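# Architecture at a glance
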Amino acid sequence: MTKIAQNDKNKNTINKMAKEKEKEITLIDAFKDFKEEKSIDRPVMLGVLKDVFLTQLAKTYGSADNFDVIINVDKGDCEIYQNFEVVEEVEDPVTQITLEEIKAETGDDDYEIGDTFARKISLSSFGRRGILNIRQNLQGRIMDIEKANVFKKYSERVGEIFTGEVYQTWKNEVLILDEDGNELRMPKSEQIPGEHFKKSDSVRAIIKSVEMKNNTTPYIVLSRTTDSFLEKLFEMEVPEIYDGLITVKKVVRIPGERAKVAVESYDDRIDPIGACIGVKGSRIMGIVRELRNENIDVIQWSANPQLMIQRALNPARISRIDLGQSPEDKIKVFMQADEVKKGIGKGGVNIKLAGMLVGREIEVWRELQKNEEEEDDVLLSEFSDVIEPWIIERLQSIGCDTARSVMALSPEDIATRADLEDETVEEVLNILRAEFED
């Protein structure tokens, strides 16, 4: 053999060894990626690694039943052995071997028929494509485990307060990242009206739901509009609630506008309302600022619905309450004319929250004065043939149950409080005025 031919042969050998080394390094890198995933339990890690190699062995050799895979996670490598049955004549070269073949391969003649011979398989035997398949399969399994871990982590935290940093804002939602870089989203519908966030803002919200959509990254929804978010804020700000000395019985809100929180203390020495408000409002003001100045009424809880309604509609003074014949009936609350506006509240918010608090719809009715002559006024229900029933219900819901009680208000006030169009209000007023002109 010439010197040049010998050099070419050496170069080929070196190149072959380098390629095999490269394959092993590539695979070890994949091991390291897996090893660094501290959130993955060791038994799970070993099981996944073994399964990935057995899958590739089955593709390469047709079956992986006679292979042993030994994983060394700490070192980031593995050993693979192919087990053969020693026979006189080979029928299946994947599972059988002769004594002559063993001696030729190892020089060992201590084996007998029926023994098991284990041959160590080099990672390079998978070929470049096989190594790539193992790496991709391993990385895919890592991602699946990461997704499952994130899903499990946040599923167990549903209903808890979460604090994170705004990463990106869009028209319909805000993207927030946790300390591990996991994505959480707060849709526009879960934001308090009027809120605006910018990148790097710190935001606090409650974990509302966690879904796995089409086996993609878990879709984690945050919310600042739920009743439970307000309840958790009270739990954080009021130690007596956290310690169980005060119980939050019910929370109702119209986000960004007003909320009512019913509380109860099992210790007569503790004033639940005072404890929630704090000295000079120190405790509740922190919650109000967090909710973008949402007004919060703290109410002493009572199992008596009439007492709860009175407390919920405070400071309006109630003349009497008609609970109706069944729980499905609307509750009628009667007030003097000058108390109606306070009871209903701006835009009907106060009366709506009071109804939510007791779990029934509440109507406000104006109490007729003793010196008022009933014949001088007409119930709105008498106009059902000329005024749409739903319009009458809107007017009754703001405490206007008679024609004169409607006419006593300005058109602008009626439109705002009853949520009616200006043209509708003007048409109703014309009908009512015509009744008294006649």
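Structure: see above.
What this report covers is the structure whose coordinates are included nearby.

What counts and what doesn't
Residues numbered from 1 in each chain as written. Predicted model: local features only at pLDDT ≥ 70, side-chain atom pairs only at ≥ 80, totals over all residues. Heavy atoms only, no water. Patch = residues over 30% accessible without salt bridge, like charges linked within 9 Å, V, L, I, M, F, W, Y side chains within 5 Å. Areas by Shrake-Rupley, 256 points an atom, 1.4 Å probe, with all protein chains shown as cover. Salt bridge = Lys/Arg side-chain N within 4 Å of Asp/Glu carboxyl O. Lys, Arg positive; Asp, Glu negative; His and termini not counted. Charge placed at Lys NZ, Arg CZ, Asp CG, Glu CD. Helix = DSSP H or I, 4+ residues; strand = E, 2+ residues; numbered from the N terminus. Buried < 20%, exposed > 50% of the residue type's maximum accessible area, 1.4 Å probe, protein only. Pairing = 2+ DSSP bridges. Axes fitted to C-alpha atoms, helices over the stretch in contact; angles between N-to-C directions. Contact = heavy atoms within 4.5 Å.

Where like charges cluster on the molecular surface, the negative patch consists of Glu-412, Asp-419, Glu-421, Asp-422 and Glu-423. Considering the arrangement of structural elements, one finds Glu-421 in the loop between α14 (411-418) and α15 (422-437). Judged by its relative accessible area of 56%, Glu-421 falls in the exposed class.

All right, on to the sheet that holds strand β13 (residues 320-322) then. Sheet architecture is open: 3 strands sit in the order β13-β14-β15, paired in mixed fashion. Unpaired on one side and paired on the other, β13 and β15 (362-366) mark the two borders of the sheet. Taking each pair of neighbouring strands and ignoring which way they run, the sheet shows an average axis angle of 25°. In this sheet, strand β14 (residues 331-335) lies alongside β13 in antiparallel orientation, the contact comprising 3 bridges. Following the sheet pairing, Ile-321 is matched in β14 by Val-333. Here helix α11 (residues 349-358) sits on the sheet and contacts β14 and β15; the angle it forms with β15, its principal contact strand, is near 130°.

Turning our eyes to something else, we now look at the pairing of strand β1 (residues 67-72). Every second residue of β1 is oriented toward a common face, the buried set being Phe-67, Val-69 and Ile-71 and the non-buried set Asp-68, Ile-70 and Asn-72. By the bridge criterion, 6 bridges tie β1 to strand β2 (residues 77-86) in an arrangement that is antiparallel. Residue pairing for β2: Ile-71 is matched across the bridge by Cys-78.

All right, on to the pairing of strand β8 (residues 202-211) then. As judged from the 5 bridges shared by strand β5 (residues 161-169) and β8, these two strands associate in the antiparallel manner. From the neighbouring strand, Ile-161 faces β8, where its bridge partner is Ile-206.

What follows covers the sheet that holds strand β12 (residues 295-300). Two pairing modes exist for strands in a sheet, parallel and antiparallel, and in both the strands are linked by backbone hydrogen bonds. The strand order β10-β11-β12 describes an open sheet built from 3 strands, whose pairing is mixed. Each edge of the sheet is formed by a strand with only one pairing partner; in this case those strands are β10 (246-254) and β12. In this sheet, adjacent strand axes meet at a mean angle of 20° when their direction is disregarded. Looking at chain direction, strand β11 (residues 258-265) and β12 are connected through 6 bridges and run parallel. Counterpart to Ala-262 in the pairing with β12 is Ile-299. Across the sheet, helix α9 (residues 305-312) touches β11 and β12, and the angle it forms with β12 is around 145°.

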